[in-house]
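Coordinate analysis (summary)
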Amino acid sequence: MSLDSRARDVFAAAVEAVQPDIVVRRSIEHKEDSMIINGHKFPLKQNLHLVGFGKAVLGMAAEAERIIGDHLVRGVISVPHGIQQTLRQHGKNHLLLKENSRISVIEGAKHNLPDVDAQRAAEGINQLASELTEKDLLLVLISGGGSALLPAPIPPISLQEKLEVTRKLAAAGATIQELNTVRRALSLLKGGGLTRSAHPAQVVALILSDVIGDPLDLIASGPTVRSEMLPEEVLSILEHYKLLDSVPASVKEVLGRLSHRQEEKKMDKEERVVNVVIGSNSVALKSAGRRARELGFRPVVLSPGVCGNVKAVSRLYGLLARFACSPEEPPSEIVAEMLKLGPEIGLKSWDLYRTMQALTEGCTEGWGATCLLAGGEPTVELTGKGLGGRNQELALRVGLELRGLELPPNGPIFLSGGTDGQDGPTEAAGAFTDAGLSDEARAQGLNIDDFLYNNDSFTFFTRLSAGQRLLLPGLTCTNVMDVHMLIIPHNSQEK
């Protein structure tokens, strides 16, 4: 099996590990009249209710209902527009609810934007939660995209007014933290609002994370994670961006009442909430590592938190490849540059030192190759209007960084793919590359710099060798950000 075939195999294992039905099956144990989750035992007496919101939630809910059976009383889930038809078309019937399901499905958030259908779903979820008693158990399923699928502005704020406030803040340059602070303050269900609504019921949330570091308060804006609502902080943000005078009267009214919601602090001891991350980039990388070992590679995980500009990220992967391929002691300037780049792209010095040590040991321990794994979500600076995504652009840039090294099977290959199967507005999840990319492109009359300037990486990889370097897994039904893979044969050297 060629290196690139094995790389695709490792990527497939990463995606398989975070399939919505698989992560739920791994997390819920139904034993006699109890449900066991993360070591917690919950009695089942036809008292279980289910709500969910997110792009992967339909498959999560279908599996949860299969496991729990008749103990499920009812449920409401908010899922993306058209998802049921899409799953049927792709033969993913195992991720659909059974015909006589007790769970109601509401599709909304067309184009990933909150809309009236998503608001109707949020209202249904809120109503279900608010009718629960202390004898009830609420299972909450959350995945990426959940924020847009759970819009519930505090009355009298309308959905349009709330969207307009956040749109103006974003246009003014507000940070994601500032946007989330304002969103939570104006929302009935975010920032722990769903837990408040379900009180005094026991709440258990199973979370498929699409955020670096898995911060519970940021995934879908934290509907089951209580956060402090400080009126002064929200007002300060609006004032800083000179928006305080232009916000609707309804928003001012809600902010005026915000201080009264501090009474929620008194509920801290009474709140019965268990939040469990059941799928994440780390889970995907762990599974990828196992598969890499089965294929004869030495797996090394760099980090699940790679971020920052793809230019800096590609430079680091190029340096790691040169470090590993140095026939003698790697030049000190390579190490110095990597340590300097680290903080720019979310990497700690310790992770880099540990990885460099592992790459060195791989050569002496008899492994045929090291499979360096990482994950995260780098960013692309848009300079053109081409068709592409961050994974394909990263692969293209790494290809340039690998120039001068040996070609596979003696030289390294690099793969970058989005676990959702869709990199930007394209049908590809990503691409793989090696040191021969530049010569291959030149021989086919393709100017890499032109494609990069126009952010046109998908067009480049489609034209190059009839698209053979594209990663095309199809619909994956999940999302835990990206997987990066650098496979380095231990007989590879710089030319």
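Higher on the page you've got the structure.
Report on the accompanying structure. (Residues numbered from 1 in each chain as written. Predicted model: local features only at pLDDT ≥ 70, side-chain atom pairs only at ≥ 80, totals over all residues. Heavy atoms only, no water.)

**Some details on the overall build of the protein**
The following threshold applies: Strands are runs of DSSP state E lasting at least two residues, helices are runs of H or I lasting at least four, and both sets are numbered from the N terminus onward. We call two residues in contact whenever any of their non-hydrogen atoms come within 4.5 Å of each other. A 1.4 Å probe and the Shrake-Rupley method give the accessible areas. Residues count as covered only by the protein chains that appear here. All tallies of charge rest on Lys and Arg as positive and Asp and Glu as negative; His and the ends of each chain are not included. To locate a charge, take NZ of a lysine, CZ of an arginine, CG of an aspartate or CD of a glutamate.
Looking only at helices and strands, the protein features 18 helices and 15 strands. If you take every contact in the protein between residues at least 6 apart in sequence, the share linking residues at least 24 apart comes to 82%. Accessible surface, the protein as shown: approximately 21000 Å² in total, 49% of it carbon and sulfur. Within the protein, the 60 negative side-chain charges are centred at a point lying 3 Å from the centre of the 52 positive side-chain charges.

**Regarding the sheet that holds strand E3 (residues 40-43)**
Just so we agree on the cut-off: Here a strand pair is declared whenever DSSP counts at least two bridges between the two strands. Only the stretch in contact is used when a helix axis is fitted, and all axes are lines through C-alpha atoms; the angle between N-to-C directions ranges over 0 to 180 degrees.
One open sheet accounts for 3 strands, arranged E1-E2-E3; its pairing is antiparallel. Among the strands making up the open sheet, the edge pair consists of strand E1 (28-31) and E3. Taking each pair of neighbouring strands and ignoring which way they run, the sheet shows an average axis angle of 25°. Note: E1 against strand E2 (residues 34-37), 4 bridges, orientation antiparallel. Its bridge partner lying in E2, His30 is registered against Met35. Strand contacts of helix H2 (residues 20-27): E1 and E2, with the helix running at about 50° to E1, the strand carrying the most contacts.

**With respect to the packing of helix H6 (residues 159-171) against helix H7 (residues 176-185)**
Quick note on the threshold: Throughout this description, any angle smaller than 35 degrees is read as roughly parallel, any larger than 145 degrees as roughly antiparallel, any in the 65 to 115 degree range as roughly perpendicular, and the remainder as oblique. The sense of a crossing depends on the near helix, which, turned anticlockwise from the far helix by less than a right angle, makes the crossing left-handed and, turned clockwise, makes it right-handed. Residues are grouped as follows: Ala, Val, Leu, Ile, Met, Phe, Trp, Tyr, Cys and Pro are nonpolar; Asp, Glu, Lys and Arg are charged; every other residue, Gly included, is polar.
Remark: H6 packs on H7, axes separated minimally by 10 Å, with the N-to-C direction vectors making an angle of 165°. Taken together, the axes of H6 and H7 are roughly antiparallel relative to one another. In the packing of H6 onto H7, the handedness of the crossing is right-handed. Across from Lys162, Val165, Thr166, Leu169 and Ala170 in H6, the residues of H7 making contact are Leu179, Val182 and Arg183. The residue makeup of the contact of H6 with H7, split by class, is 5 nonpolar, 1 polar and 2 charged.

**Comments concerning the environment of Pro378**
Within the element layout of this structure, Pro378 appears in the loop between strand E11 (369-376) and helix H15 (390-401). The spatial distance from the C-alpha of Pro378 to the C-alpha of Gly305 is 9.2 Å, given a sequence separation of 73 residues. Not counting chain neighbours up to four residues away, the residues in contact with Pro378 comprise Val306, Cys307, Gly308, Val310, Val313, Arg390, Asp482 and His484.

**Here's the deal with the packing of aromatic side chains**
Test applied: Between 30 and 60 degrees the pair is tilted, below 30 it is stacked and above 60 it is edge-to-face, where a pair is any two Phe, Tyr or Trp rings, Trp via its six-membered ring, whose centres lie within 6.5 Å. Buried residues are those whose accessible area, probed at 1.4 Å on protein chains only, stays under 20% of the maximum for their type, while exposed residues exceed 50% and partly exposed ones sit between those limits.
In this structure the tally under the stated criterion is 3 aromatic pairs. Look at Phe451 and Phe460: their rings are 5.4 Å apart centre to centre, the planes differ by 65°, and that puts the pair in the edge-to-face class. The same class applies to Phe451 and to Phe460, which are both buried. One aromatic cluster is present, formed by Phe451, Phe460 and Phe461 through successive ring pairs.

**Remarks on the side chain of His49**
Cut-off, in case you're wondering: Pairs of N or O atoms are called polar contacts if they sit within 3.5 Å, as long as, within protein, a hydrogen donor faces a hydrogen acceptor (for residues adjacent in sequence, only side-chain-to-side-chain pairs).
With respect to the element layout, His49 can be found in strand E4 (residues 48-53). With a relative accessible area of 6%, His49 lands in the buried category. Only 3.5 Å separates the side chain of His49 from the side chain of Arg74, close enough to count as a polar contact. In contact with His49, other than residues within four places in its own chain, are Leu72, Val73, Arg74, Leu128, Leu132, Asp136, Leu137, Leu138 and Leu139.

**Quick notes on the pairing of E4**
As a reminder, the rule being used: Assignment of crossover handedness uses the view with strands pointing away from the viewer, where a clockwise path from the first strand over the helix to the second indicates a right-handed crossover.
Summarising burial for E4: 6 of the 6 residues are buried, a large majority. Neither face of E4 is left uncovered, since the one carrying Leu48, Leu50 and Gly52 and the one carrying His49, Val51 and Phe53 both have all their residues buried. As for the winding sense of the linkage, the β-α-β connection from E4 through helix H3 (residues 57-68) to strand E5 (residues 72-80) is right-handed.

**Looking at the pattern of salt bridges**
Working definition: two side chains of opposite charge can pair if their charged atoms are close together. What counts, and what does not: Take a side-chain nitrogen of Lys or Arg and a carboxyl oxygen of Asp or Glu: if they are within 4 Å of each other, that pair is a salt bridge.
What the rule picks out here adds up to 21 salt bridges. Put simply, Asp9 and Arg291 hold a salt bridge, and the shortest N to O gap is 2.9 Å. You can see Asp9 sitting in helix H1 (residues 3-17) and its partner Arg291 sitting in helix H11 (residues 281-294), a full 282 residues away along the chain. The partly exposed category is assigned to Arg291, whose relative accessible area is 24%.

**A look at helix H10 (residues 249-257)**
Let me state the cut-off plainly: The arc refers to the directions leading from the helix axis to the C-beta atoms.
Among the residues of H10, Ser250, Val251, Val254 and Leu255 are the ones counted as buried. Down the axis of H10, the sector holding all buried residues measures 135°, keeping them to one side. Residues of H10 that are exposed and point more than 90 degrees away from the buried face comprise Ala249 and Gly256.

**Looking at the sheet that holds strand E10 (residues 297-306)**
Read from one edge to the other, the open sheet built from 6 strands follows the order E10-E11-E15-E12-E13-E14, with strand pairing classed as mixed. At either margin of the open sheet sits one strand with a lone partner, and together these are E10 and strand E14 (470-471). Of the strands in this sheet, E10, E11 and strand E15 (482-489) touch H11, which is tilted by about 165° from E10.

**A few points about unusual backbone geometry**
At the junction of Pro155 and Pro156, the peptide bond is cis and its omega measures out at 10° in the coordinates. With respect to the element layout, Pro156 can be found in the loop between strand E7 (137-142) and H6. Cis peptide bonds are those with omega within 30 degrees of zero, and the linkage from His199 to Pro200 qualifies with 15°. Structurally, Pro200 is set in the loop between helix H8 (193-198) and strand E8 (202-208). In this structure, Gln46 takes a positive phi of about 50° despite not being glycine. For Gln46, the location among the structural elements is in the loop between E3 and E4. A positive phi angle, close to 70°, is found at Met481, a residue other than glycine. Structurally, Met481 is set in the loop between E14 and E15. Met481 sits in the buried class, given a relative accessible area of 2%.

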